[in-house]
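Letter by letter, the chains look like this.
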Amino acid sequence: PGEPVANAGADVIVAPLDFVTLNGTESYDPEGKEPLKYDWTLVSGPDGSTATLVDNKVAKPTMCLDLAGDYELELTVMNTDGVWDSTPDTVVVSAIPAENFFVQLSWNTETDLDLHLLDGQDANLYERPGDACYCNTNPNWGSSGGDDDPSLDLDDIHGYGPENIN
């Protein structure tokens, strides 16, 4: 018997912390033995990422890209005869920051770490508005246009990160 053909869709570029929806709906069975069953696998991601697929058994699963970098996913499909494709298809989702400045911290200890970004040489830790951190997530650093104002966009309170400042 023939086997179905997996199609994981085109590679995608999104921003870190965005949700992405994968698309395997172009998968098919040449003999029409459908509907297909889907099995998505996250093959690789950036070091420290804890991203997982929300539902890996549907045609269009979602996942949150918790770190900047590339995520490789693989799709296999099964037809109504119970035959799986022998050549899974892959898709690469790249999480690329849209901002000009992006700082990301992840760690692998049980001790919580905190990300700080200081404004110039005179700023001190926990000083407002000079320190962008968990207690000052969106400081005003003085530019009238606001283009120099950082923001702590992700603060992991209990765990291994990540945290990031844009």
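Structure first, text after, so check above.
Treat the numbers as computed from the prediction; the structure is a model and nothing was measured.

**Q** Please clarify how the environment of T50 should be interpreted in this entry.
**A** Looking at where T50 falls in the secondary structure, it is placed in the loop between strand 3 (37-44) and strand 4 (62-64). Each C-alpha atom of the pair T50 and L65 lies 8.7 Å from the other, and the pair is 15 residues apart in sequence.

**Q** Got a minute to help me understand the pattern of salt bridges in this structure?
**A** Two side chains bearing opposite charge may form a pair once their charged atoms approach each other closely. Tallied over the full model, the rule gives three salt bridges. Among the ionic pairs, E31 bridges to K33, the shortest N-O distance being 2.9 Å. Between K33 and D81 there is a salt bridge; the shortest N-O distance is 2.6 Å. Here K33 is found in the loop between strand 2 (19-21) and strand 3, whereas its partner D81 is found in the loop between strand 5 (69-78) and strand 6 (89-95), with 48 residues between them in sequence. Members of the salt-bridge network, linked through shared partners, are E31, K33 and D81.

**Q** Where do I start with the sheet that holds strand 10 (residues 152-154) in this structure?
**A** Paired through their backbone hydrogen bonds, the strands of a sheet run either parallel or antiparallel. Pairing is antiparallel in the open sheet, where three strands are placed in the order 7-11-10. Looking at the sheet topology across the chains shown, the edges are occupied by strand 7 (103-105) and strand 10. The average undirected angle you get between the axes of adjacent strands in this sheet is 25°. Pairing of strand 10 with strand 11 (residues 163-165), which is carried by two bridges, proceeds in the antiparallel orientation. Within strand 11, the position partnered with L154 by the bridge is N164.

**Q** Help me understand the nonpolar core, please; the structure alone is not making it clear to me.
**A** Inside soluble globular proteins, nonpolar side chains tend to come together where they are buried. Formed by 21 residues in total, the largest nonpolar core has its most connected members in W40, M63, L65, Y71, L73 and V93. Listed by contribution, the elements that provide at least two residues to this core are strand 3, strand 5 and strand 6. Ranked by residues supplied to this core, first place goes to strand 5 with four residues. Counting six residues, the second-largest nonpolar core is a separate cluster that includes L115, L117, A132 and I165.

So, how was this worked out
- Residues numbered from 1 in each chain as written.
- Predicted model: local features only at pLDDT ≥ 70, side-chain atom pairs only at ≥ 80, totals over all residues.
- Heavy atoms only, no water.
- Helix = DSSP H or I, 4+ residues; strand = E, 2+ residues; numbered from the N terminus.
- Salt bridge = Lys/Arg side-chain N within 4 Å of Asp/Glu carboxyl O.
- Pairing = 2+ DSSP bridges.
- Axes fitted to C-alpha atoms, helices over the stretch in contact; angles between N-to-C directions.
- Core = buried A, V, L, I, M, F, W, Y, C linked by side-chain atoms within 4.5 Å.
- Buried < 20%, exposed > 50% of the residue type's maximum accessible area, 1.4 Å probe, protein only.

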